[in-house]
Amino acid sequence: MDQILTNTGYLFQYPVLNLAFIIDGIMIGSLFALAAYGLALVWGVMNVKNLAQGDFVIAGGYCSWWLVKTGWLQSIGLSDNAVALLGVPIAFVVMWGIGWMTYKLIITRVIERDLFTSLLATFGLAIMMAQILNLMFGSDTQSLQLDYKTYSFAGGFINLPMAKVIGTCMAAGLAVAVIIFMKRSRMGQAIRATAQDSRAARVMGIDTEKVYAFTFSLNAAICGAAGAIIVMVWVIQPFYGITYSVRAFVIVTAAGLGNLPGVIAAGLGIGAAEQYGAHIFGIGYQQAIAVTLLLIVLFFRLLQQRRKRQALN
Amino acid sequence: MSKNWILYIALLAITVAAPFLFPSYTAFLATLWLFIVVAQAWDMTGGQMGYNSLGNIFFYGTGMYAGAVFAIGLYYNVGEWTDASRSEIFSFTAGQYYTGMVVGIIGAGLFCGLCALIIGPLFFGLRGPYFAIGTLGLAIAAGEIVSNIEWLGGGQGISMPHSPLHPDFEKVLIYFLFAGLGVVLFIFCKWFYSTRFGAAINAIRDDEEKAEAMGIHTLRYKTITWAISAVFVGAAGAVSAFQLIHFEPLETAYQTINLGIFMVVCVLLGGKGTLWGPVIGAILFHVFKEVTWNYFLGGQWVALGLLIVIIVVFFQDGLMGYLKHRRPEWFGIKVESKDKEAAA
């Protein structure tokens with residue numbers, strides 16, 4: 001308890017700490033927002049709640065990590081940093097393939113079923129993916145040590161590693177690309193039409209099966225790219241997936257479906273909230289905070305609904 | 001009816017005789033009964049009431065910790081006990097051990113029931129997938145938080161007192177505790193589903209709005225049902241604590257992806273919303289699990305994940321659902337035969 005009070009005291013004693021936490025929170029939060037956007041997409045279009053979301057993120061991270069470690073691309077003269085950056089689009093493509101396979105094998109069979117079915121099926125998928133990654137890469141935490149510069153401000157309180165800045169910019173770039181794609185392209189229009197009313201979309205000649213497969217692959221690819229960015233700056237481990245899934249659920253539940261600015265704001269917010277929580281309660285509580293936030297958001301939404309005498313479903 | 005009684009007595013006789021007939025499988029059979037208890041308890045809310053919880057493992061873990069705290073707390077300070085962690089300063093006499101065990105198991109059950117009564121009103125506003133995700137979050141959060149509480153041993157967990165019995169006899173004792181719990185739960189469920197209360201929770205599953213319109217106080221029924229199932233899961237958790245001797249929070253007590261998901265899969269495999277489904281499902285699943293554990297070592301988790309996906313996607317009605325579909329007359333459902341239909 002004293003620890004908590006002292007830690008909270010530091011925040012007021014050194015106001016610049018707040019700035020450091022917010023910057024860090026925004027950087028990691030932008031990646032949470034990406035995974036959450038993918039979840040909202042799949043949820044909204046095909047009404048599947050994907051609990052394997054976090055495992056796609058981790059799988060993308062391992063994809064990029066493995067690419068750097070095996071050293072094939074280094075042998076043709078690329079530096080580690082360049083390979084890590086190249087790992088992001090490669091993870092995007094690889095996870096696209098894995099997402100497509102997952103869709104064809106599993107997801108396509110659960111779309112028309114009740115929601116618990118898709119939840120449990122993807123939970124089984126999550127266990128399977130985590131274990132396959134564990135068998136392939138071992139259970140140690142992994143990270144890429146890239147030799148980018150770190151800039152320090154405000155007497156060492158704010159550390160700004162270049163890798164984090166690059167990662168955040170890539171996340172933002174990917175988000176913008178996806179948004180433009182959804183707004184402008186023919187496929188993006190078809191996806192939005194299917195989300196609004198899949199039956200009407202079919203009547204209008206949209207091949208909804210194709211749209212579903214495309215959406216799920218796109219979701220897996222976005223997650224994979226986010227994972228490849230995460231491994232550049234933070235650590236990954238085969239069993240970290242579930243916390244990313246939980247965070248994605250927190251964000252989507254808080255923001256609601258189809259509310260893109262809300263997803264981004266909630267993503268950045270949960271990033272910052274976790275930084276503050278880890279500082280105040282200690283680093284051991286970081287996972288607990290992510291999950292507790294989910295419960296808080298659920299109950300808050302519940303209270304909102306209860307005022308309208310409705311349940312959250 | 002008399003035929004059924006013979007069946008039940010025969011099963012009871014097998015239950016009692018099993019650990020003496022197959023002494024080397026006693027631990028396996030004890031775990032099997034644990035699976036039956038948690039699966040049957042999950043089915044009370046999941047199958048009969050339509051609230052699919054992914055976080056019933058919360059009660060299992062809480063029961064484990066509550067059992068340990070009650071048993072140790074009777075005689076010693078729990079904080080000092082976990083600090084010393086299994087040193088010989090603290091010792092339990094045989095009398096103390098058994099008193100602690102009884103108090104621990106009953107106390108853990110009641111404590112978990114109380115937990116369910118408190119959190120029930122919060123969670124039962126959540127419907128369908130939100131309920132599943134919310135309870136899953138509860139279980140994960142509880143595990144993470146408990147692993148940070150030093151008084152409960154933190155991430156190291158708690159070591160239980162040494163048993164005064166020879167390990168072989170201890171195994172048999174644990175087996176009978178689990179089996180007793182399972183038999184009591186089964187008889188209770190058989191009675192419970194035939195009461196008005198059982199009919200009410202089935203009505204909630206079929207259409208909650210209509211049930212409420214018919215004057216059923218749904219929240220009260222839901223919370224009480226969850227609390228009853230929590231009592232049994234919590235007691236089973238406390239027995240597990242005595243069985244395992246040492247347990248830690250994330251992998252053993254709040255084992256979200258092991259037992260937490262297994263209990264759901266057992267029920268789905270056997271058939272949701274039936275009395276025998278969870279029992280049969282637990283037996284099938286446990287045997288499958290042990291076989292994969294022995295023969296696919298390393299890949300066993302992948303095999304289990306695959307099994308979950310396959311069951312959920314292709315075989316969701318479970319064995320009982322399949323039989324009900326193919327042999328409705330076994331369940332007392334009369335079907336007009338096709339010839340009669342054609343004649344009419």
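Just so it is clear, the model here is predicted, and its values are computed rather than measured.

Draft legend 1. Geometry of the overall build of chain A. Looking only at helices and strands, one finds twelve helices and two strands in chain A. Going residue by residue from the N terminus, the α and β elements of chain A occur as α-α-α-α-α-β-β-α-α-α-α-α-α-α. Here the C-alpha radius of gyration of chain A, 20 Å, is about what a compact globule of 313 residues would show, namely 20 Å. Overall, chain A is about 65 × 60 × 40 Å in size when its C-alpha atoms are taken along their principal axes. In chain A, buried positions account for 49% of the 313 residues. Considering only contacts within chain A whose residues lie at least 6 apart along the sequence, 76% involve residues at least 24 apart.

Draft legend 2. Just the overall build of chain B, in detail. Scanning chain B for helices and strands turns up 16 helices and two strands. Taking the principal axes of its C-alpha atoms as reference, chain B extends roughly 85 × 50 × 40 Å. The buried share among the 344 residues of chain B stands at 49%. Long-range pairs, those at least 24 residues apart, make up 80% of the contacts in chain B between residues at least 6 apart in sequence.

Draft legend 3. A look at the UniProt feature "transmembrane region" (unreviewed entry) in chain A. Residue and element names in this part refer to chain A. Within the UniProt annotation, "transmembrane region" (unreviewed entry) is assigned to residues 20–44, 56–76, 82–103, 115–137, 157–182, 211–236, 248–271 and 283–303. Between the first and last C-alpha atoms of residues 56–76 the distance is 29 Å; the span itself is 71% helix and 0% strand. Taken as a whole, residues 157–182 contains 81% helix and 15% strand, while its terminal C-alpha atoms sit 40 Å from one another.

Draft legend 4. Local environment of the nonpolar core. Ranked by size, the top nonpolar core spans 214 residues in total, and within it Ile 251 of chain A together with Val 38 and Phe 178 of chain B carry the most contacts. Beyond its immediate sequence surroundings of up to four residues, Ile 251 of chain A is in contact with Phe 32, Ala 33, Ala 36, Val 263, Ala 266, Gly 267 and Ile 270 of chain A.

Draft legend 5. The interface of chain A and chain B, seen in detail. Contacts between the two partners involve 35 residues from chain A and, on the opposite side, 32 residues from chain B. Only α4 (80–110), α5 (115–137), α10 (241–255) and α12 (286–307) of chain A provide two or more residues apiece to the side of chain A that touches chain B. The greatest single-element share of the side of chain A that touches chain B, amounting to 14 residues, is contributed by α5 of chain A.

Draft legend 6. Broad picture of the environment of Gly 188 of chain A. Residue and element names in this part refer to chain A. Along the polypeptide, Gly 188 turns up in helix α7 (residues 186–196). Judged by the 17 C-beta atoms lying within 10 Å of it, Gly 188 is partly exposed. The spatial distance from the C-alpha of Gly 188 to the C-alpha of Val 178 is 9.1 Å, given a sequence separation of ten residues. Excluding anything up to four places from it in sequence, Gly 188 contacts Phe 181, Met 182 and Lys 183.

Draft legend 7. Focus on the confidence of the model for chain A. Looking at chain A as a whole, its pLDDT mean stands at 84, while 97% of the residues score no less than 70. Mean pLDDT across the elements of chain A ranges from a minimum in strand β1 (residues 150–153) of chain A, with 74, to a maximum in helix α9 (residues 208–233) of chain A, with 90.

Draft legend 8. Inspection of helix α12 (residues 259–270) of chain B at higher detail. Residues and elements named next belong to chain B. Helix length check: α12 (twelve residues) gives 16 Å between terminal C-alpha atoms against 16 Å at 1.5 Å per residue, within 8%. The buried fraction of α12 is high, at twelve of twelve residues. Within α12, burial applies to Leu 259, Gly 260, Ile 261, Phe 262, Met 263, Val 264, Val 265, Cys 266, Val 267, Leu 268, Leu 269 and Gly 270.

Draft legend 9. Looking closely at the UniProt feature "transmembrane region" (unreviewed entry) in chain B. Residues and elements named next belong to chain B. When the UniProt feature table is mapped to this numbering, "transmembrane region" (unreviewed entry) covers residues 7–37, 57–76, 97–124, 172–193, 224–247, 259–287 and 293–315. Note that residues 172–193 is 95% helix and 0% strand, and that its end C-alpha atoms are spaced 31 Å apart. Taken end to end, residues 259–287 has its terminal C-alpha atoms 14 Å apart, with 79% of it in helix and 0% in strand.

Draft legend 10. Main features of the packing of helix α13 (residues 277–295) of chain B against helix α15 (residues 318–326) of chain B. All names here are of chain B. Packing of α13 against α15 brings their axes to within 8 Å, and their N-to-C directions diverge by 120°. In terms of orientation, α13 and α15 fall into the oblique class. Two secondary-structure elements touch here, α13 through Gly 277, Ile 280 and Gly 281 and α15 through Gly 318, Leu 319 and Met 320.

Draft legend 11. Focus on the packing of helix α3 (residues 57–73) of chain B against helix α5 (residues 94–123) of chain B. Residues and elements named next belong to chain B. One can describe the packing of α3 onto α5 by two numbers: an axis separation of 7 Å at closest approach and a directional angle of 135°. Between α3 and α5, the interaxial angle falls into the category oblique. Seen from above, α3 lies across α5 with right-handed handedness. Residues Phe 59, Thr 62, Gly 63, Ala 66, Gly 67, Ala 68, Phe 70 and Ala 71 of α3 lie in contact with α5, whose contacting residues are Gly 100, Met 101, Val 103, Gly 104, Ile 105, Gly 107, Ala 108, Gly 109, Phe 111, Cys 112, Cys 115 and Ala 116. Of the residues belonging to the contact of α3 with α5, the class tally is 13 nonpolar, seven polar and no charged.

Draft legend 12. Main features of unusual backbone geometry. One non-glycine residue with positive phi stands out, namely Asn 47 of chain A, at about 55°. Counting through the fold element by element, Asn 47 of chain A comes out in the loop between α2 (16–46) and α3 (53–70). Classification of Asn 47 of chain A as partly exposed rests on a count of 18 C-beta atoms within 10 Å. Residue Ile 245 of chain B is not a glycine yet carries a positive backbone phi of 70°. By C-beta crowding, Ile 245 of chain B is classed as partly exposed, having 15 other C-beta atoms within 10 Å.

Draft legend 13. Quick peek at helix α6 (residues 162–184) of chain A. With 23 residues, α6 of chain A extends 33 Å from end C-alpha to end C-alpha; this agrees with the ideal 33 Å at 1.5 Å per step. For α6 of chain A, the elements touching its buried residues are α2, α4, β2 (158–161) and α9 of chain A.

Draft legend 14. Quick look at the confidence of the model for chain B. Looking at chain B, the pLDDT average stands at 84 and 94% of residues meet or exceed 70. Within chain B, helix α16 (residues 338–343) of chain B has the poorest average pLDDT of any element, 56, and helix α10 (residues 218–244) of chain B the best, 92.

Draft legend 15. Broad picture of the environment of Gly 224 of chain A. All names here are of chain A. Positionally, Gly 224 belongs in helix α9. Given 33 C-beta atoms within 10 Å, Gly 224 falls into the buried group. With residues up to four places along the chain from it excluded, the contact list for Gly 224 reads Phe 56, Ala 59, Gly 60, Cys 63, Ala 91, Phe 92, Val 94 and Met 95.

Draft legend 16. Fine view of the environment of Leu 110 of chain B. Mapped onto the elements, Leu 110 of chain B comes out in helix α5. Once the C-alpha coordinates of Leu 110 of chain B and Gly 234 of chain B are considered, the two residues, 124 residues apart in sequence, prove to be 7.9 Å apart.

Parameters and conventions
- Residues numbered from 1 in each chain as written.
- Chains lettered and ligands numbered in written order.
- Predicted model: local features only at pLDDT ≥ 70, side-chain atom pairs only at ≥ 80, totals over all residues.
- Helix = DSSP H or I, 4+ residues; strand = E, 2+ residues; numbered from the N terminus.
- Rg over C-alpha atoms; globule rule 2.2 N^0.38 Å.
- Buried ≥ 20, exposed ≤ 12 C-beta atoms within 10 Å, placed from the backbone.
- Contact = placed C-beta atoms within 7 Å.
- UniProt positions renumbered as here; feature names shortened; annotations may be inferred.
- Core = buried A, V, L, I, M, F, W, Y, C linked by C-beta atoms within 7 Å.
- pLDDT = per-residue confidence, 0-100.
- Expected span 1.5 Å × (residues − 1).
- Axes fitted to C-alpha atoms, helices over the stretch in contact; angles between N-to-C directions.
- Parallel < 35°, antiparallel > 145°, perpendicular 65-115°, else oblique.
- Left-handed = near helix turned anticlockwise from the far one by under 90°.
- Nonpolar A, V, L, I, M, F, W, Y, C, P; charged D, E, K, R; others polar.

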